[in-house]
Amino acid sequence: MSGHAFDDLVHRVNNLLGTIAVQVEVAAADGSLAAHQAALRLIAESAARTQAEIRRLRQATGGGDGDRR
């Protein structure tokens, strides 16, 4: 993986972690079911974007289709 691709990956994972941290705080502060559901939706959307970006980076750097787990 090139340095640029690695930096992109780190940036994307950092964004995901930031989304998780912020949404946990928001949901905990509000405490309602609706807040927890909204937080989970935003976290899931961010995770899906991260997964798609990782696939794209792996393909761009010759790392395969990114479906290995």
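Scroll up for the structure.
These numbers were taken from a predicted model, which means no experiment stands behind them. (Residues numbered from 1 in each chain as written. Predicted model: local features only at pLDDT ≥ 70, side-chain atom pairs only at ≥ 80, totals over all residues. Heavy atoms only, no water.)

1. A word on the pattern of salt bridges
Pairing between side chains of opposite charge can happen when their charged atoms approach one another.
Move 1: Considering all chains together, one arrives at two salt bridges under this definition.
Move 2: Its salt-bridge partner being Arg 41, residue Glu 45 comes within 3.3 Å of it at the nearest N-O pair. Note that Glu 45 and Arg 41 are positioned in helix α2 (residues 33–60) at a spacing of four residues, about one turn of the helix.
Move 3: Take Glu 45: its relative accessible area is 35%, and that puts it in the partly exposed class.
Move 4: Across the pair Arg 56 and Glu 53 runs a salt bridge whose closest N-O atoms are separated by 2.5 Å. One end of the pair is Arg 56 and the other is Glu 53, both in helix α2 and three residues apart, which spans about a single turn.
Move 5: Residue classification places Arg 56 among the partly exposed residues on the basis of a relative accessible area of 40%. (Salt bridge = Lys/Arg side-chain N within 4 Å of Asp/Glu carboxyl O. Helix = DSSP H or I, 4+ residues; strand = E, 2+ residues; numbered from the N terminus. Buried < 20%, exposed > 50% of the residue type's maximum accessible area, 1.4 Å probe, protein only.)

2. A word on a nonpolar patch on the surface
Move 1: Together, Val 13, Leu 17, Ile 20 and Val 24 make up a nonpolar patch on the protein surface, roughly 300 Å² of accessible area in all.
Move 2: Within the secondary structure layout, Leu 17 lies in helix α1 (residues 3–30). (Patch = residues over 30% accessible without salt bridge, like charges linked within 9 Å, V, L, I, M, F, W, Y side chains within 5 Å. Areas by Shrake-Rupley, 256 points an atom, 1.4 Å probe, with all protein chains shown as cover.)

3. Quick notes on the packing of α1 against α2
Move 1: For the pair α1 and α2, the least separation of the axes is 9 Å and the interaxial angle reads 175 degrees. When the axis of α1 is compared with that of α2, the two are roughly antiparallel.
Move 2: Class assignment of the residues belonging to the contact of α1 with α2 gives a composition of 13 nonpolar, six polar and six charged. (Axes fitted to C-alpha atoms, helices over the stretch in contact; angles between N-to-C directions. Parallel < 35°, antiparallel > 145°, perpendicular 65-115°, else oblique. Nonpolar A, V, L, I, M, F, W, Y, C, P; charged D, E, K, R; others polar.)

4. Some points on the environment of Gln 51
Move 1: Along the polypeptide, Gln 51 turns up in helix α2.
Move 2: Look at Gln 51 and you get partly exposed, because its relative accessible area is 36%.
Move 3: Residues Gln 51 and Val 13 lie 38 residues apart in sequence; the distance between their C-alpha atoms is 9.4 Å.

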